[in-house]
Amino acid sequence: MDIKYNPEAIELKWQKYWEKNKTFKAEKDTNKKKYYLLEMFPYPSGKIHIGHIRNYAIGDVVARYKRMRGYNVMHPMGWDAFGMPAENAAIENNTHPAKWTYSNIEAMRSQLKRVGFSYDWNREFATCSPAYYKWEQLLFLKMFKAKMAYRKESYVNWCQKCQTVLANEQVESGACWRCKEIVSQKKLNQWFFSITDYADELLDCCDKLPGWPPKVTLMQKNWIGKSIGASIKFFLEDNTKQNYIEVFTTRQDTVFGATFMCLAPEHPLVEKLSQGTERQKAVKEFVEKTIKLNRTDKEFEKQEKEGVFTGKYCINPFTQKKMPIYTANFALMEYGTGAVMSVPAHDQRDFDFAKKYNLEIIVVIQPQDEKLNPLTMTQAYTDEGILINSGEFNGIKNTDAMEAIADKLKKDGSGDKKVNFRLRDWGISRQRYWGAPIPIIYCKKCGIVPVPEKDLPVLLPEDIEIGKKEGSPLQSAANFKKTKCPQCKSEDACRETDTMDTFVESSWYFERYCSPNYQKSIIEKEENNYWMPVDQYIGGVEHAVLHLLYSRYFTRVLNKFGFVNHKEPFTNLLTQGMVCKETHKCAKCGFLFPEQVKPEKQNKKCAICGGEVKTGRVEKMSKSKKNVIEPSELISEYGADTTRLFCLFAAPPERDLEWSKTGVEGSFRFINRVFRIVYTNINTIASASPYTDTPDKLSGEIKKLYKKTHVTIARVTNDIENRFHFNTAISAVMELINELYLIDDNTNTKKDPNLPKVLKFAIQTAILLLSPIVPHVCEELWLVLGHKNGITNAQWPEYRKDALTKDQVEIAAQVNGKIRSKFLSEPDIEDEKLKEIALSDERVLKFINNKPIKKIIVVKNKLVNIVI
RNA sequence: GCCCGGGUGGCGGAACUGGUAGACGCAAGGGACUUAAAAUCCCUCAGCUCAUAGUGGCUGUACGAGUUCAAUUCUCGUCCUGGGCACCA
């Protein structure tokens, strides 16, 4: 055989063919069942990396599979194109962010095309284009008018290096998620989206997303953080009966044990209470010291719980006791009301604090088996028990008193039931240039004025200087900033210079894909109703809370304004694992590239300094760890099909994938095996029509092969359709191919007149089953097999039920649960018959050794277990 | 600290509802073809063990118990590991 597998020639040929024939163009067709498949769109950083390829390969298998199943598949791709790297690159290379971004998009688009993903490129857009962000601005205006977008002054996480505000979600253990700089606190006027209005709904609907991994919905639930409890007012001991501190607690059952109060250092009362007292100086010092160390700071985690007395008292509404008011470093202004009622007997943190400052401890919950003594207690008692020292509630189980105490609070006017969320409103202001401008004008006379809808989009000015001055570049862009007030026409007005968080763009891009070129509004409703919601969404688990929660929120906002009819954007979600590779580290030179490692007899040496090299952990590929694989190199060496195959074969999608050079070679070998099995048999099968009849008319090896082919169809279909376990789908086809090679060698079966037909069916089926995974080579082989219309829209093979049954099954014969013998039998034979065979088996009898049989368990077609 | 995962050969991973552990691939070793190499093909491949070399015996899915005729699978405890949240009142 002269024909050699040449991946590059085959792949370029079919990519051209698909493009020419518009094979993947998706159009609304109400007669067909739609399937909207989406992978998280990339940030155009410049290069596609292997993690993208894995993500998109997974998606492409599903898209191509569904197409073959007759679905009208929409599989779009685009660019999450706003963001900081463009600005950073602009500063470094003295280019404009737009230029940098668009040239990156060019490069990455051609890379993606070279992998042969079945995208409908007609729907492509970049979120940085005015045609896209215009609609985002419109939505902002609608939200502003509905009071869902509002401005408030607040402390924000500030990254000094990136010169920007970060959302809480973008702060990872005290550091900027992008540049790892330690985050500090800054007070600024910010725009917020009121996501908390939907906290309850977003939480409840987590349970209505059966197609999502429970892990992700659990993370969202924790993030939203709903707590049910009560708000309680503690009046100050100032005889006015007007000033009070309000707290939120989940333990109103312990209110009789509240002996002191802790306020967050930022709490407005802290300064007021201590003013003019001898405590003023101490309080001020403490507050200043504590605020400096913000809560996300690394130091903050380690610091001891401490506080200072403000000099004033408040009154416990139930006991009328005086409670000293402290300000404490563990009280958080952002949670609840910034004030904590402290119950030292039943909260460990309060207990430690009370011990430290010698504060009163009152036991109000008595456990069943022991008697708590505040003087001898060594830790707080946080379990259930019976209330004591609690007036009219004495003797009631604490959990039962929750409701009653909340009711009494309400009756007395000193509180109420209350639900509190950890989730806070979404701060979207960014002091950056490369983002969507917030369409707001500040007028000296009229105040905050929204840009009229007819004036949209508010364009990002192109003639700006980046990195020359402190702060946001838009602030120094006079042409942009200076404007007329749309209401009073006064010249004394300026534009908002902050831009929107880039998570805003990615919160609705999946909606825009349905009508990407629609000019009249944000969304063309009929298209949207047809395509949405996304049937399958695929992306990294790192977006479990950020992007996915915002998207759920935005979908509700769009729904509220009547733009869309659905509330949840993604019916099914698959979160794929990272791509990892081993690292090499030299004590002196740090991380090394694989080519910098010299293998020697015993251990590896560093090519730079000659020092010992340690093979480090398998870690996520990253430039800094020097363990990155370049997809383009891989594709030019082995081809796109091999690259795809390996990404899918090495691990199931949800798990991390460990890169292996030899594994890639194995994948390449397999494609070659497939390629060869077609060509070596082509003369035999070329003119044969595939056998599709019942297996009973066949015999011997041919029958076995025919049945194996149907079993393979069943396995692959199940693995793709129900489990996304492409690794086992591939191994099933590998088994079939292995079997085909055995037939090829077997001269006896070569005389069977049914051979060409069955062989054709088997080979053709293998090609069809592989086609979503390695589409190019399959298109080529499909053509070789004589099909002129392309494999992309060929029908997915169906299996025959009568071909799944086995002619013979192997039965394990066990004695006391241990396998002592195996025998072949007809399938589905009577239990009694199986027992009989097992009991006549020599090896089994040897182990029974004439002992009495207690019982015999028979599992049909599987085993016989004799218990003695 | 709290909440989720995960732990299976030299390696990546199979085993779908408790029913024959190790599919498929990689690596390794041996062999065939070849002047040679590459490519390809075939065989072996969890560990220990045996006067019987066999469809032999024993052990084995992180560790220890338990439920069961039967446990990688279910329950409890321990260890390790990955992730999320982290003074949340």
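That block above? That's the structure.
The structure presented is a predicted model; accordingly, all values stated were derived computationally and were not measured. (Residues numbered from 1 in each chain as written. Chains lettered and ligands numbered in written order. Predicted model: local features only at pLDDT ≥ 70, side-chain atom pairs only at ≥ 80, totals over all residues. Heavy atoms only, no water.)

Peer 1: A description of the sheet that holds strand E24 (residues 536–540) should follow, citing residues and the corresponding values.
Peer 2: In spatial order, the strands read E2-E1-E24-E25; together these 4 strands make up an open sheet with parallel pairing. One side of each edge strand has no neighbouring strand; the edge strands of this open sheet are strand E2 (72–74) and strand E25 (573–576). Each adjacent strand pair in this sheet contributes to an overall mean axis angle of 15°, direction not counted. Alignment of E24 against E25, held across 4 bridges, turns out to be parallel. The residue bridging Ile-538 from the neighbouring strand is Leu-574, located in E25. Sitting on the sheet, helix H2 (residues 50–68) is in contact with strand E1 (34–39), E2, E24 and E25, with an inclination near 175° to E1. (Pairing = 2+ DSSP bridges. Helix = DSSP H or I, 4+ residues; strand = E, 2+ residues; numbered from the N terminus. Axes fitted to C-alpha atoms, helices over the stretch in contact; angles between N-to-C directions. Contact = heavy atoms within 4.5 Å.)

Peer 1: So what about the nonpolar core? Which residues, and what values?
Peer 2: Among the nonpolar cores identified, the biggest contains 184 residues, and Tyr-36, Phe-193, Trp-426, Tyr-509, Tyr-553, Trp-659 and Ile-767 are the most heavily contacted of them. Excluding anything up to four places from it in sequence, Phe-193 contacts Phe-140, Met-143, Met-148, Ala-149, Asp-425, Trp-426, Ile-428, Val-504, Tyr-553 and Phe-554. The next biggest cluster of nonpolar side chains, apart from the first, holds 53 residues, and it includes Phe-234, Ile-362, Val-363 and Met-377. (Core = buried A, V, L, I, M, F, W, Y, C linked by side-chain atoms within 4.5 Å. Buried < 20%, exposed > 50% of the residue type's maximum accessible area, 1.4 Å probe, protein only.)

Peer 1: Break down the protein's contact with RNA strand B for me, with residues and values.
Peer 2: Close to RNA strand B lie 54 residues; Leu-332, Tyr-335, Arg-349, Arg-422 and Arg-673 are nearest. A share of 65% is what sugar and phosphate atoms reach among the atoms of RNA strand B within 4 Å of the protein. A distance of 2.7 Å separates a sugar or linking oxygen of RNA strand B from a polar side-chain atom of Thr-662. With respect to RNA strand B, the side chain of Arg-669 contributes an N or O atom lying 2.9 Å from a phosphate oxygen. The greatest single-element share of the surface near RNA strand B, amounting to 6 residues, is contributed by helix H21 (residues 726–745). (Near = heavy atom within 4 Å. Polar contact = N/O pair within 3.5 Å; in protein donor to acceptor, adjacent residues only side chain to side chain.)

Peer 1: Give a detailed account of the sheet that holds strand E33 (residues 818–825), specifying residues and quantitative values.
Peer 2: Taking strand neighbours across the sheet as the criterion, the 4 strands line up as E33-E32-E35-E34 in an open arrangement whose pairing is mixed. The open sheet terminates on both sides in strands that have one partner only, identified here as E33 and strand E34 (855–859). Across this sheet, the average inter-strand angle for adjacent strands is 15°, counted without regard to direction. Here strand E32 (residues 809–815) runs beside strand E35 (residues 863–867); their pairing, made up of 4 bridges, is parallel. Within E35, the residue paired with Ala-813 across the bridge is Val-864.

Peer 1: Go over empty space enclosed by the protein, please, and point to the residues and values.
Peer 2: Scanning all chains against the criterion turns up 2 cavities of 30 Å³ or more. For the second largest cavity, the calculated volume is near 50 Å³. Lining the second largest cavity, in full, are Arg-64, Met-68, Ser-771, Pro-772, Pro-775, Ile-791 and Thr-792. Among the residues forming the lining of the second largest cavity, the class breakdown is 4 nonpolar, 2 polar and 1 charged. (1 Å grid on protein atoms, 1.4 Å probe; cavity = no way out; pocket = protein on both sides within 12 Å on 5 of 7 lines; lining within 4 Å. Points joined across faces, edges and corners; volume = space filled by probe spheres on them. Nonpolar A, V, L, I, M, F, W, Y, C, P; charged D, E, K, R; others polar.)

Peer 1: Residues and numbers for the environment of Lys-32, please.
Peer 2: When you line up the elements, Lys-32 lands in the loop between helix H1 (7–21) and E1. When the C-alpha positions of Lys-32 and Asn-72 are compared, they lie 6.0 Å apart, and in sequence the two are 40 residues distant. Setting aside residues up to four positions removed in sequence, Lys-32 forms contacts with Gly-70, Asn-72 and Tyr-530.

Peer 1: I'd like a description of the side chain of Ser-194, backed by residues and values.
Peer 2: By secondary structure assignment, the location of Ser-194 is in the loop between strand E7 (184–193) and helix H6 (199–205). Exposure remark for Ser-194: the relative accessible area of 3% places this residue in the buried category. For Ser-194, the residues in contact, after removing those within four places along its chain, are Lys-147, Met-148, Tyr-150, Asp-425 and Tyr-553.

Peer 1: So what about the packing of helix H22 (residues 755–770) against helix H23 (residues 775–784)? Which residues, and what values?
Peer 2: When two helices pack together, their arrangement is captured by the angle between the axes and the distance separating the axes. Running from amino to carboxyl end, H22 crosses H23 at an angle of 150°, the nearest separation of the two axes being 9 Å. Taken together, the axes of H22 and H23 are roughly antiparallel relative to one another. Relative to H23, the crossing made by H22 is left-handed. Residues Gln-764, Ile-767, Leu-768 and Leu-770 of H22 pack against Cys-778, Leu-781 and Trp-782 of H23. Here the residues of the contact of H22 with H23 sort into 6 nonpolar, 1 polar and no charged. (Parallel < 35°, antiparallel > 145°, perpendicular 65-115°, else oblique. Left-handed = near helix turned anticlockwise from the far one by under 90°.)

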